[in-house]
Amino acid sequence: MRLFYLLIVFYFILIQRVHSQNRNDLVFILSEKAVNKVFTAIGEINGKSEYEVFGIIKGDYFWKINNARILFMADSSQFNCDAEVKVGPFTYKSKVPGQVKIDYNNKTDKITIKIKQAVFELYTMFRIKKIHIKNIHLEDYFKEPFTFDGPKSYKSSVNINMPDSTVKIINLQPSDCEIKVTLKAIKTSCDIKAESKTGVR
């Protein structure tokens, strides 16, 4: 019985330590919907060029991507889009999955979202046989990461009138932030640093 009580006490001590380590004074949410508005602003992404197969089959190809989006899931993220391709008289569509890297820099207070890889195949058909032409690497069209301001841009102050006719100014500033990818959002949790100075009323 004594062992049972000791286990209960240990459990509550462990829970208390875990909660004390969480930074939850301020929680900054960057939603999946907000990030995907970037693709809406970019508009259509496409490419075209000439191709040649076996030295005898020549023509032009054209591709464009639709429905580009980044998906946030618990502890992970991915890029998805639909590719529409026309190679000579031959047309097809492909689903394009991709890899995404999300970072937060505490010094610069910037959240960056980088498309690391998103590839689809460019091919044609010859005598019922699939002929590979090349791979299109969409990450080459997104070389610069999407960058968003983090929570440290938030600042606030509180003025408190003191009995001696002075004013205590409390400045609040987020510090020591941590990032976590959750379902449909990036969550940045921070401690709040409070500093005071005295002014004259």
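Coordinates for the structure precede this section.
Let us look at the structure shown here. (Residues numbered from 1 in each chain as written. Predicted model: local features only at pLDDT ≥ 70, side-chain atom pairs only at ≥ 80, totals over all residues. Heavy atoms only, no water.)

Observations regarding the state of the cysteines
Evaluated as defined, the whole model comprises one disulfide. Each sulfur in the disulfide pair C177 and C190 lies 2.1 Å from the other. Negative torsions about the S-S bond denote left-handed disulfides, and the value of about 110 degrees found for C177 with C190 makes this one right-handed. Taken together, the residues span a long stretch of sequence, with C177 in strand β10 (residues 166–182) and C190 in strand β11 (residues 185–200) at a distance of 13 residues. Overall, the relative accessible area of 5% leaves C177 in the buried class. We classify C190 as buried; its relative accessible area is 0%. (Disulfide = S-S within 2.5 Å. Helix = DSSP H or I, 4+ residues; strand = E, 2+ residues; numbered from the N terminus. Buried < 20%, exposed > 50% of the residue type's maximum accessible area, 1.4 Å probe, protein only.)

Some points on the environment of L172
Here L172 shows up in strand β10. Overall, the relative accessible area of 23% leaves L172 in the partly exposed class. Each C-alpha atom of the pair L172 and S157 lies 5.7 Å from the other, and the pair is 15 residues apart in sequence. Ignoring anything within four residues of it in the chain, the contact list for L172 reads K155, S156, V158, I192, K193 and A194. (Contact = heavy atoms within 4.5 Å.)

Some details on the pattern of salt bridges
Using the criterion set out here, one finds eight salt bridges in the structure. The partner of K110 in a salt bridge is D149, with the nearest N and O atoms 2.3 Å apart. With K110 in strand β6 (residues 110–126) and D149 in strand β8 (residues 146–149), the pair connects residues that are 39 residues apart, well separated along the chain. With relative accessibility at 47%, the residue D149 sits in the partly exposed group. Here K193 makes a salt bridge to E195, at a shortest N to O gap of 3.5 Å. Among the residues examined, K193 registers a relative accessible area of 44% and is labelled partly exposed. For E195, a relative accessible area of 45% gives the class partly exposed. (Salt bridge = Lys/Arg side-chain N within 4 Å of Asp/Glu carboxyl O.)

Focus on a nonpolar patch on the surface
A cluster of nonpolar side chains, contributed by V158, I160 and M162, occupies part of the molecular surface with about 210 Å² of accessible area. Looking at the secondary structure, you find M162 in the loop between β9 (156–161) and β10. (Patch = residues over 30% accessible without salt bridge, like charges linked within 9 Å, V, L, I, M, F, W, Y side chains within 5 Å. Areas by Shrake-Rupley, 256 points an atom, 1.4 Å probe, with all protein chains shown as cover.)

The analysis is restricted to geometry; functional conclusions fall outside its scope.
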